[in-house]
Amino acid sequence: MRPAVALIAGSGLGGLAERIEVVRRDSMDEVLGVSAPAVGGQARELLVGSWAGVPVLVFLGRYHLYQGLPAAEVAAPVRALHGSGARVLVVTNAAGGLDQRLQPGDLMLINDHLFLPGLAGQSPLIPPRMPGPVEFVSMRDAYDPQLRELTRRAAAELGISLYEGVYAMVAGPSFETAAELRMLRLLGAHAVGMSTAPEVVMARAVGLRVLGLSVITNRAVPEEATVPSHEEVLEAGKRASPLLARLIERVLPALAA
Ligand code: HPA
């Protein structure tokens, strides 16, 4: 069964797997030949199956820069999709909400990202990527406008309020200082997290269309003294999983069309 859509389930979002009719389950590390330290709450399994009648390939968990991996390895799951038949990549993540309006449990449709060397390290396109010449990849409209429109419509049909904004990636694993949060806001970010951007760069390099969704797991507001913990992020992700699953399930057939 060739997948039409690939999906990456972020921290605490493993519950998405419950909706999938799984026909095959493998270890991501084994299939991709990546070895990385374990991170609590992240299974790193590769599922093949179907969801809402759509053949899907799902990465339950991902690799992070904070595990000491080069960006090219962080993006290895997406590079492996080249030639798989998948045309769309749905990336999900847990993120802190920089915008005052965002509350834990909210969903944010990602319309762009900030991923600069100063914020998060290196590009996944810096070799070793693939044999062959360096490619200069356009990242304009990397978060596909048409797929965003389909998702906005699906959310409206379900009565799910969906924020939309810019995701800033930092390397982590330290959470941001108040000054860093103020800086990210000044730069135009609405949410901040430790993943996603390398995978989206790789997705564009291999020609996949991208839909990005953040689950806001905590407030990341510099005026407030709230400091997230990894456990809190996982818990909030778990609680928001069913809502995210409903939205993805609704839009999946249109993504595969
Ligand atoms: N900062 C960075 N990464 C995160 C956060 C945060 O507040 N929440 C979830 N991932």
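Structural data are supplied above this passage.
None of these values were measured; they are calculated from a predicted model.

Visitor: I tried to follow the packing of helix α5 (residues 145–158) against helix α8 (residues 230–256) on my own but got confused; where do I start?
Guide: Each pair of packed helices gets described by two things: the angle between the helix axes and the distance between those axes. Interaxial distance between α5 and α8 falls to 9 Å at its minimum, and their mutual angle equals 135°. The angle between α5 and α8 falls in the class oblique. Classified by chirality, the crossing of α8 by α5 is right-handed. Taken together, the residues of α8 that come into contact with α5 (itself represented by L147, L150, T151, A154, A155, E157 and L158) are R246, L247, R250, V251, A254 and L255. When the residues that make up the contact of α5 with α8 are grouped by side-chain class, the tally is nine nonpolar, one polar and three charged.

Visitor: Please clarify how the site of the ligand should be interpreted in this entry.
Guide: What surrounds the ligand is a group of 13 residues, the closest being A94, G96, E176, G193 and N218. Within the backbone of A94, a nitrogen or oxygen atom sits 3.4 Å from a nitrogen atom of the ligand. Bound to the protein, the ligand loses 95% of the 260 Å² it would expose on its own. Of all the elements in the fold, those that place two or more residues in the shell around the ligand are β5 (88–97), β8 (191–193) and β9 (209–219). It is β5 that contributes the most residues to the shell around the ligand, three residues altogether.

Visitor: Sorry if this is basic, but what is going on with the side chain of T92 here?
Guide: One can find T92 in strand β5. Of the residues examined, T92 reaches a relative accessible area of 0% and is grouped as buried. Among the polar contacts made by the side chain of T92, one reaches the main-chain amide nitrogen of G10 at a distance of 3.0 Å. The residues touching T92, leaving out its near neighbours within four places in the chain, are I8, A9, G10, L13, L16, R62, T196, L213, L244 and I248.

Visitor: For this particular structure, what's the right way to read the pairing of strand β1 (residues 5–9)?
Guide: On any regular strand, side chains alternate: one points to one face of the sheet, the next to the other face. Of all five residues that make up β1, five are buried, and the element is covered over most of its length. Neither face of β1 is open: one carries V5, L7 and A9, the other A6 and I8, and all of them are buried. Summarising the sheet, β1 and strand β4 (residues 54–60) pair through five bridges and their orientation is parallel. Paired with L7 across the bridge in β4 is V58. As paired strands, β1 and β5 are joined by four bridges and run parallel to one another. Bridge pairing links I8 to V91 in β5.

About the thresholds
Residues numbered from 1 in each chain as written. Predicted model: local features only at pLDDT ≥ 70, side-chain atom pairs only at ≥ 80, totals over all residues. Heavy atoms only, no water. Axes fitted to C-alpha atoms, helices over the stretch in contact; angles between N-to-C directions. Helix = DSSP H or I, 4+ residues; strand = E, 2+ residues; numbered from the N terminus. Parallel < 35°, antiparallel > 145°, perpendicular 65-115°, else oblique. Left-handed = near helix turned anticlockwise from the far one by under 90°. Contact = heavy atoms within 4.5 Å. Nonpolar A, V, L, I, M, F, W, Y, C, P; charged D, E, K, R; others polar. Near = heavy atom within 4 Å. Polar contact = N/O pair within 3.5 Å; in protein donor to acceptor, adjacent residues only side chain to side chain. Areas by Shrake-Rupley, 256 points an atom, 1.4 Å probe, with all protein chains shown as cover. Buried < 20%, exposed > 50% of the residue type's maximum accessible area, 1.4 Å probe, protein only. Pairing = 2+ DSSP bridges.

Any functional reading would require information beyond the geometric quantities listed.
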